[in-house]
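Single-letter residue listing:
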Amino acid sequence: MEAIRAGRRALRVLRVRDGRPRPEVAAVVAAARAAGVPVESVGDLQFSEYAPGAGNPQGVALEVGPLPEFSLEELLQTIEVKNPTLVALDGVEDPQNL
């Protein structure tokens, strides 16, 4: 859902596991369709191929393009304060802990 909301990546296709979707999944499907993203319904076996190693994909897999990359100069230009602070993080597995 966050990738759809952010709109920073190319959104290629949303794949949804067959079955009766939970309300949260239905909301993701609706958001994807509103954003013009194709939605495919796939069986369990096919779905597992699209999300290999995913711990708990919750029945949805969104194929997206890469995140945009910015140079340090471009990043600093977006900060509109006198003494900018830039924090660079790598390998964050649970952003909620930040």
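The structure reproduced in this document is the subject of the present report. Everything numeric in this text was worked out from a predicted model, so none of it was measured.

Within the largest apolar cluster, eight residues are counted, these being Ile4, Leu14, Val16, Val25, Val28, Val29, Ala32 and Val37. Elements with a minimum of two residues in this core: strand E1 (11-17) and helix H2 (23-34). By residue number, the principal contributor to this core is H2, which donates four residues.

Across its twelve residues, H2 extends 16 Å between first and last C-alpha, which sits within 8% of the 16 Å expected from 1.5 Å per residue. Among the residues of H2, Val25, Val28, Val29 and Ala32 are the ones counted as buried. Down the axis of H2, the smallest arc covering the buried residues is 100°, so these residues share one side. Turned more than 90 degrees from where H2 packs its buried face, Pro23 and Ala34 sit exposed. Close packing links the buried residues of H2 with helix H1 (2-6), E1, strand E2 (39-42) and strand E3 (60-64). Positive backbone phi, at 80°, marks Gly36, one or two positions downstream of H2.

All right, on to the pairing of E1 then. Relative to E3, E1 runs antiparallel, the two being bridged by five bridges. What sits directly across from Leu14, in E3, is Leu62. Across four bridges, E1 lies against E2 in parallel orientation. Residue pairing across strands places Arg15 opposite Glu40, the latter belonging to E2. At this point the chain moves from E1, through H2, to the parallel E2, and the crossover so formed is right-handed.

Criteria and thresholds
The residue count restarts for each chain, going from 1 along the sequence in the order it is written. Confidence filtering applies because this is a predicted model: local features only for residues at pLDDT of at least 70, side-chain atom pairs given and counted only at 80 or more, and all residues used for totals across whole chains, interfaces and linings. With hydrogens and water set aside, each side-chain value is computed from the structure's full complement of heavy atoms. Nonpolar cores were defined as sets of buried Ala, Val, Leu, Ile, Met, Phe, Trp, Tyr and Cys residues, with membership established by side-chain atoms within 4.5 Å. Exposure classes here rest on a 1.4 Å probe applied to the protein chains alone. A residue is buried below 20% of its type maximum, exposed above 50%, and partly exposed in between. Note on conventions: DSSP H or I runs of at least 4 residues are helices, E runs of at least 2 residues are strands, and numbering of each starts at the N terminus. The span you would expect from a helix comes to 1.5 Å times its residue count less one. The reported arc concerns the directions from the helix axis to the C-beta atoms and nothing else. Working rule for contacts: check all heavy atoms of both residues, and any pair within 4.5 Å makes them a contact. Strand pairing is assigned whenever DSSP detects at least two bridges linking the two strands. The handedness rule is simple: strands pointing away from the viewer, and a clockwise path from the first strand over the helix to the second, make the crossover right-handed.

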